[in-house]
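Examining the three-dimensional arrangement
Spelled out from the first residue to the last, the chains are:
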Amino acid sequence: MTHPIAWLRKQAPGVVALALMVTAFYAVEPAESSAADNAKLAENFQFEPMSIALPQGHKQKTVREVNKAYKHIEAWISSVGAGVAMNDIDGDQLPNDLCITDPRTDTVSVTPAPVPNRKSETYRPFVLDPEPLPKSKTSAPIGCVPGDFNEDGATDLLVYYWGRTPVIFQSKLPAEGKKPSLGADCFEPVELVPGAGGEVYSGPLWNSNAAAVADFDGDGHNDIYIGNYFPDSPVLDPSKDGGVEMNDSLSHAENGGGGHFFRWTKNGYEEQKNVLPEGLDSGWTLAVSANDLDGDQRPEVYLAHDFGTSALLYNKSKPGKFAFSEVKGERTATTPKSKELGRSSFKGMGIDFGDLDNDGLYDAFVSNITTSFGIEESNFAFFGTAKNKADLRKRFQKGEAPYEDRSAPLNLAWSGWGWDTKMGDFDNNGDQEITQATGFVKGKRNRWAQLQELATANDGLTKHPYFWPNVEEGDDLGGDQSLRFFVKNHDGSYSNLAKDLDMDVPVPTRGIATGDADGDGKLDLVVARQWDAPVFYCNMSEKPGKFLGLKLKDKAGSDVIGAQATVTLSDGSTRIGRVDGGGGHSGKRSTDLHIGLGEADGPVQVHLTWRDRDGQVQNEDLSLTPGWHSLQLGADAKEK
């Protein structure tokens, strides 16, 4: 028998390491800002909530019809599907059009943003119907991504679903000249995955929850990634009893739907197989973001997977061939494994990139489940620690991800059951704010105790729906949680000002979209709410800082997705931004590039980097005055 003293000595290193980790994780949490401090910060912001017009005449429901095996967890299965995208769809040069997926009616609709004094002709909201393509009564739209998928200069709409493969609604509007009033007849539905003919859909039963559009292989054309949640199965078919499953682990599930990459070709999109590293192609995908982090104009990809296996992928692709390798954070004695990039077991729910500390490198904010007395994990605020982009590239090539999570000391770690997140400079002071959707299912019967039991269950049981506790219509898990609006304090930490700005409505939120809908230089905000009406927050701030807005198009009038801008201010500091092709959970920001300049006086120096249609990387240095600028990017940059 081992002597107790000898045993304690043997265990001492582990005990010390554990104590250090616990201390580092909790002791750095700052005190909450005072109400007076928050009120002072809130003076820089003012949002007016506005109702969004939606097509009428559609029967509304409050829960989805699901496979009989899922009936006792119908509210859980019904917890996603509210999404919103904000962009210029009607061609009036303003991102004042919304594409909304609404689970209450299982429709995807296009509607004008309710901005005051709209500068262009309005139109009636309308539904995008995939007819004459095959339809299914057991499918539902989950998200919408605006983009020019056939490169004709007009904005198309990619819609992804549970219960079928995605559909591209190709715009028939002319790229230039007078345009007819926007309506359903202005779009032609085209299958992303061909071969599902007939009147009734009989193709693959994808259950897609995320999408990203970017030039992954560097050939000058935008590609598509579709991330699936459930494996291919009849999730929404109430006539079936079985043929479905849940995650095989709560911390490292590898039986999900995984992802599908599609490469652009002149004859349509072609799926590229075996792109992801082994072990990452069967995650439960909830969100994805693509962005060039190391400056080589090839976008890295962050996969936010529910139940662990989230990953950052370094892009090693070449024209015609997609290739990615996983990079991971450095193991340290004081950082829990669960908070290391690439090793986390948390529930990846949302992801966005932005430069939070203005050092010229992108940081990342990742949503997780962070409910006190529920499942209290932690959001991630991954800050880049590389010296510069060249150093970052070298570290990526070694399989290293030089990022550290600073969510706890910055007061960003705990918020609620997180979902979509978007960064943006809403007061144009030069610092990024962080918006975050939270909340799960709203009802009257509290189910946190049962969920905690599930969290401690054996992984051998979790993949079987039978063993899951009831989460039915009327049950509640974080149902009173509301939107978060994080603003930087003078000490660098963050305060949630949602209550001060009257944005703390106790309704579960899902998708977030941002853009300057009325062209006044201030970012507006749209929030999709699960089983409730979406809301448009018009930015009415009275004293914002200066800004630089860039509309970056190619010769055909298509957005130059992935273009990067570095702005150097008079004090030598920099601000960065990119043309985002659509990433996150179920919200897609405008493709306009917006950078707050603070009190910048006079022109600023702007360095632009992009790939032209031939796949060549181009650079241009410009001196631009604050305000909006439209530039045509080809072999060089020309102001229009």
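Bear in mind that the values here come from a model prediction, so they are computed numbers and not experimental data. (Residues numbered from 1 in each chain as written. Predicted model: local features only at pLDDT ≥ 70, side-chain atom pairs only at ≥ 80, totals over all residues. Heavy atoms only, no water.)

1. Description of the overall build of the chain
Looking only at helices and strands, the chain features six helices and 39 strands. Against the 2.2 N^0.38 benchmark of 26 Å for 640 residues, the chain shows a C-alpha radius of gyration of 24 Å, consistent with a compact globule. By principal-axis analysis of the C-alpha atoms, the chain measures approximately 85 × 65 × 50 Å. With 640 residues in all, the chain has 62% of them scored as buried. Restricting the contact set of the chain to residue pairs at least 6 apart, pairs at least 24 apart contribute 64%. Just so you have it, the chain exposes about 25,100 Å², and 49% of that area is on carbon and sulfur atoms. Between the averaged position of the 64 positive side-chain charges in the chain and that of its 93 negative side-chain charges there is a distance of 3 Å. (Helix = DSSP H or I, 4+ residues; strand = E, 2+ residues; numbered from the N terminus. Rg over C-alpha atoms; globule rule 2.2 N^0.38 Å. Buried < 20%, exposed > 50% of the residue type's maximum accessible area, 1.4 Å probe, protein only. Contact = heavy atoms within 4.5 Å. Areas by Shrake-Rupley, 256 points an atom, 1.4 Å probe, with all protein chains shown as cover. Lys, Arg positive; Asp, Glu negative; His and termini not counted. Charge placed at Lys NZ, Arg CZ, Asp CG, Glu CD.)

2. Observations regarding the UniProt feature "domain: ASPIC/UnbV" (unreviewed entry) in the chain
UniProt's feature table lists "domain: ASPIC/UnbV" (unreviewed entry) at residues 561-619, given in the numbering used throughout. Within the segment residues 561-619, helix and strand shares are 0% and 49% respectively, and the terminal C-alpha atoms sit 15 Å apart. (UniProt positions renumbered as here; feature names shortened; annotations may be inferred.)

3. Re the sheet that holds strand β35 (residues 593-598)
Strand pairing in a sheet is mediated by backbone hydrogen bonds. Such pairs are either parallel or antiparallel. What the four strands build is an open sheet, ordered β35-β31-β38-β39; its pairing is mixed. Where the open sheet ends on each side, the last strands, each with one partner, are β35 and β39 (637-639). Strand-to-strand twist in this sheet, taken as the mean axis angle between neighbours without regard to direction, amounts to 30°. Where strand β31 (residues 546-553) and β35 come together, five bridges link them in antiparallel fashion. (Pairing = 2+ DSSP bridges. Axes fitted to C-alpha atoms, helices over the stretch in contact; angles between N-to-C directions.)

4. Considering helix α5 (residues 448-455)
Looking at α5, one finds that the buried residues are Trp448, Leu451 and Leu454. Down the axis of α5, the buried side of the element spans an arc of 110°, and every buried residue falls inside it. Residues of α5 that are exposed and point more than 90 degrees away from the buried face comprise Ala449 and Glu453. Residues of α5 that are buried in the fold lie against α3 (74-77), β24 (445-446) and α6 (459-462). (Arc of directions from axis to C-beta.)

5. Regarding the sheet that holds strand β30 (residues 535-539)
Sheet architecture is open: four strands sit in the order β1-β30-β29-β28, paired in antiparallel fashion. For this open sheet the edge positions go to β1 (47-51) and β28 (509-515), each flanked by a neighbour on one side alone. The average undirected angle you get between the axes of adjacent strands in this sheet is 25°. Relative to β30, β1 runs antiparallel, the two being bridged by five bridges. Paired with glutamate 48 across the two strands is cysteine 538, which belongs to β30.

6. Focus: a nonpolar patch on the surface
Residues Leu461, Tyr466 and Phe467 make up a contiguous nonpolar surface patch of about 360 Å² in total accessible area. Along the chain, tyrosine 466 falls in the loop between α6 and β25 (475-476). Residue classification places tyrosine 466 among the exposed positions, given a relative accessible area of 69%. (Patch = residues over 30% accessible without salt bridge, like charges linked within 9 Å, V, L, I, M, F, W, Y side chains within 5 Å. Salt bridge = Lys/Arg side-chain N within 4 Å of Asp/Glu carboxyl O.)

7. Here's the deal with the packing of aromatic side chains
Summed over the entire model, instances satisfying the criterion amount to 31 aromatic pairs. Seen in terms of ring centroids, phenylalanine 216 and phenylalanine 322 are 5.9 Å apart; in terms of plane orientation they differ by 70°. Their pairing is edge-to-face. A residue pair is termed long-range when its members are at least 10 positions apart, and phenylalanine 216 in the loop between β10 (208-214) and β11 (223-228) and phenylalanine 322 in the loop between β16 (311-315) and β17 (324-327) qualify at 106 residues. The class of phenylalanine 216 is buried, set by a relative accessible area of 0%. Both rings, one in tryptophan 284 and one in phenylalanine 307, keep their centres 6.0 Å apart while their planes meet at 85°; by these two values the pair is edge-to-face. Of this pair, tryptophan 284 sits in strand β14 (residues 284-291) while phenylalanine 307 sits in the loop between β15 (300-306) and β16, placing them 23 residues apart in sequence. With relative accessibility at 0%, the residue tryptophan 284 sits in the buried group. (Phe/Tyr/Trp six-rings, centres within 6.5 Å; stacked < 30°, edge-to-face > 60°.)

8. Side note on the state of the cysteines
One way to say it: the disulfide is the covalent bond shared by the sulfur atoms of two cysteines. Here the structure, examined in full by the defined rule, presents one disulfide. Residue pairing for cysteine 99: its cysteine sulfur links by disulfide to cysteine 144, the two sulfurs lying 2.2 Å apart. Note on the cysteine 99 and cysteine 144 pair: the S-S dihedral is about 100°, so by sign convention the disulfide is right-handed. Taken together, the residues cysteine 99 in strand β3 (residues 97-102) and cysteine 144 in strand β6 (residues 140-147) connect sequence positions 45 residues apart. The exposure classification of cysteine 99 matches that of cysteine 144, with both residues buried. Between cysteine 186, a cysteine without a disulfide, and cysteine 99, which holds the nearest cysteine sulfur, the sulfur-to-sulfur distance is 14 Å. Given the relative accessible area of 6%, cysteine 186 is considered buried. (Disulfide = S-S within 2.5 Å.)

9. Section: the side chain of aspartate 427
Relative to the assigned elements, aspartate 427 resides in the loop between β22 (418-424) and β23 (433-438). Arginine 575 is the oppositely charged side chain nearest to the buried, salt-bridge-free aspartate 427, at an N-O distance of 10.0 Å. Among residues more than four places away in sequence, those in contact with aspartate 427 are Asn44, Phe45, Glu433, Pro544 and Gly545.

10. Quick word on the nonpolar core
As a rule of thumb, soluble globular proteins bury nonpolar side chains together. Grouped together as the largest cluster of nonpolar side chains are 69 residues, with contacts concentrated most on Trp76, Ile224 and Trp417. Setting aside its immediate chain neighbours within four residues, isoleucine 224 contacts Phe149, Leu158, Ile168, Leu192, Ala212, Val213, Phe216, His260, Phe261, Phe262 and Tyr269. (Core = buried A, V, L, I, M, F, W, Y, C linked by side-chain atoms within 4.5 Å.)

11. Considering the environment of serine 310
Counting through the fold element by element, serine 310 comes out in the loop between β15 and β16. Residues serine 310 and aspartate 405, spaced 95 residues apart in sequence, show a C-alpha to C-alpha distance of 15 Å. What serine 310 contacts, discounting residues up to four positions off in sequence, is Tyr302, Leu303, Ala304, His305, Gly342 and Gly348. From its side chain, serine 310 meets the backbone nitrogen of histidine 305 in a polar contact 2.9 Å long. (Polar contact = N/O pair within 3.5 Å; in protein donor to acceptor, adjacent residues only side chain to side chain.)

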